[in-house]
Amino acid sequence: MVIVMSISSTSEQMEAVNQRLAELGFKGQLIRGVKRIVIGAVGERREDEPLKSLALMPGVEKIVPIMKPYKMVSREARVTDTVVQIKGIAIGGENAVIMAGPCSVESREQLLISARWVKKAGAHVLRGGTFKPRTSPYSFQGLEEKGLKLLREASLETGLPTITEVIDERSLNLAVDYVDILQIGARNMQNFQLLRAAGQSRKPVLLKRGMAATVEEWLMAAEYILSEGNEKVILCERGIRTFETATRNTLDLSAVPLVKRLSHLPVIVDPSHGTGDRLLVRPMSLAAIAAGADGLIIEMHPEPSKALSDGAQSLNPEELNFLMQQLKRIIPAVGRKLLLSELGGVAHA
Ligand code: PEP
Ligand code: MN
């Protein structure tokens with residue numbers, strides 16, 4: 001149920017609604033849209049009947065039942081698109097935002113070289129894994145805090161905001177001080193403690209779709225973060241497990257327009273993990289933008305053959321540059337804008 005407040009409602013009236021919700025066993029969660037303010041009634045699934053009396057309270061325009069199990073995430077709660085602001089970069093607005101960088105932060109040199117190429121290619125956000133959720137315990141596990149410090153250094157040098165994956169509360173508490181966006185990976189999409197902690201952190205969160213998650217489960221995971229009061233959530237489609245083994249995952253591009261219809265949250269696409277094959281990254285990036293994605297997150301490495309993780313799906317600097325050149329044409333063709341930073345010709349690190 002959402003309570004739609006009238007344009008002229010006062011903060012006292014909103015407070016009174018919140019109090020009444022608490023008496024009824026719900027938590028009131030404010031959703032401030034461009035045109036209207038609504039209060040989401042968050043609580044255990046229970047009889048909505050008592051909530052109907054809220055329609056009579058001063059300042060309340062109407063109450064709207066939400067049929068979907070995800071309440072605050074749903075389009076019914078907010079008609080206008082959520083735009084997540086990160087250091088002057090708007091994700092979810094008219095821009096298409098490109099995040100790029102290595103799968104793992106491996107060394108100072110590797111990261112700084114990557115960051116310069118990412119900047120030069122005209123991408124907007126630097127990615128780099130510092131806590132790596134690896135299938136094998138014997139694989140490279142990430143530089144942890146040392147890697148976070150390198151991300152901060154690369155950000156200071158290039159001006160690029162940064163994103164890194166957090167895998168538990170310890171890494172989250174460390175990462176909040178170093179990076180601009182927290183990534184919750186496919187393997188942790190249903191780590192509900194972590195989702196709650198990310199919700200309490202108030203940092204922008206990129207929530208990847210679990211490798212075997214339905215769209216509804218993915219949106220319910222996002223609901224955990226919003227229900228803790230953090231609306232700065234960006235969804236990321238990164239491919240799902242199917243019977244097909246020719247690609248690492250099956251990139252579900254239909255999820256992009258579907259989720260944008262079901263939810264007001266921005267949706268971006270990760271064609272690197274979505275395919276596992278660097279030759280498929282560029283075509284699927286272009287297709288993702290054409291399908292309405294609000295951006296992309298791309299793995300690149302100065303020397304993919306030497307990467308400590310995911311080299312096979314990492315673009316080299318020239319390939320990233322070529323992709324950006326093509327995006328420059330595709331993005332306006334589908335009615336979006338590419339924020340121009342330094343989109344130039346062939347980049348030199
Ligand atoms: C990653 O971004 O490097 C990663 C591990 O992604 P995912 O959670 O989508 O597998
Ligand atoms: Mn990776």
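Summarised in this report is the structure supplied together with it.

Procedures and definitions
- Residues numbered from 1 in each chain as written.
- Chains lettered and ligands numbered in written order.
- Predicted model: local features only at pLDDT ≥ 70, side-chain atom pairs only at ≥ 80, totals over all residues.
- Heavy atoms only, no water.
- Donors = N, O, S within 2.8 Å, 3.2 Å for Na, K, Ca; no water.
- Helix = DSSP H or I, 4+ residues; strand = E, 2+ residues; numbered from the N terminus.
- Buried < 20%, exposed > 50% of the residue type's maximum accessible area, 1.4 Å probe, protein only.
- Near = heavy atom within 4 Å.
- Polar contact = N/O pair within 3.5 Å; in protein donor to acceptor, adjacent residues only side chain to side chain.
- Areas by Shrake-Rupley, 256 points an atom, 1.4 Å probe, with all protein chains shown as cover.
- Nonpolar A, V, L, I, M, F, W, Y, C, P; charged D, E, K, R; others polar.
- Contact = heavy atoms within 4.5 Å.

1. A word on the coordination of the manganese ion (ligand 2)
- For the manganese ion (ligand 2), every protein donor is listed as Cys-103 (SG), His-273 (NE2), Glu-299 (OE) and Asp-310 (OD), and the spread of their distances is 2.0 to 2.4 Å.
- On the primary sequence, the residues serving as donors to the manganese ion (ligand 2) are separated as C-x169-H-x25-E-x10-D. You can see His-273 sitting in helix α8 (residues 271-275) and its partner Asp-310 sitting in the loop between β14 (295-299) and α10 (317-333), a full 37 residues away along the chain. Like His-273, the residue Asp-310 is buried in the burial classification.

2. Section: the site of ligand 1
- Around ligand 1, a shell composed of Cys-103, Arg-127, Lys-132, Glu-165, Gln-183, Gly-185, Ala-186, Arg-187, Lys-208, Arg-238, His-273 and Glu-299 is seen.
- At 2.8 Å from an oxygen atom of ligand 1 is found a main-chain nitrogen or oxygen belonging to Ala-186.
- Separating an oxygen atom of ligand 1 from a side-chain N or O atom of Glu-299 is a distance of 3.3 Å.
- For ligand 1, whose free accessible area comes to 300 Å², the fraction covered by protein is 97%.
- Grouping the amino acids of the shell around ligand 1 by side-chain chemistry returns two nonpolar, three polar and seven charged.

3. With respect to the environment of Leu-54
- Turning to its location among the elements, Leu-54 is positioned in the loop between β3 (37-42) and β4 (60-64).
- The spatial distance from the C-alpha of Leu-54 to the C-alpha of Ile-3 is 7.8 Å, given a sequence separation of 51 residues.
- What Leu-54 contacts, discounting residues up to four positions off in sequence, is Ile-3, Val-17, Arg-20, Leu-21, Val-60 and Ile-63.

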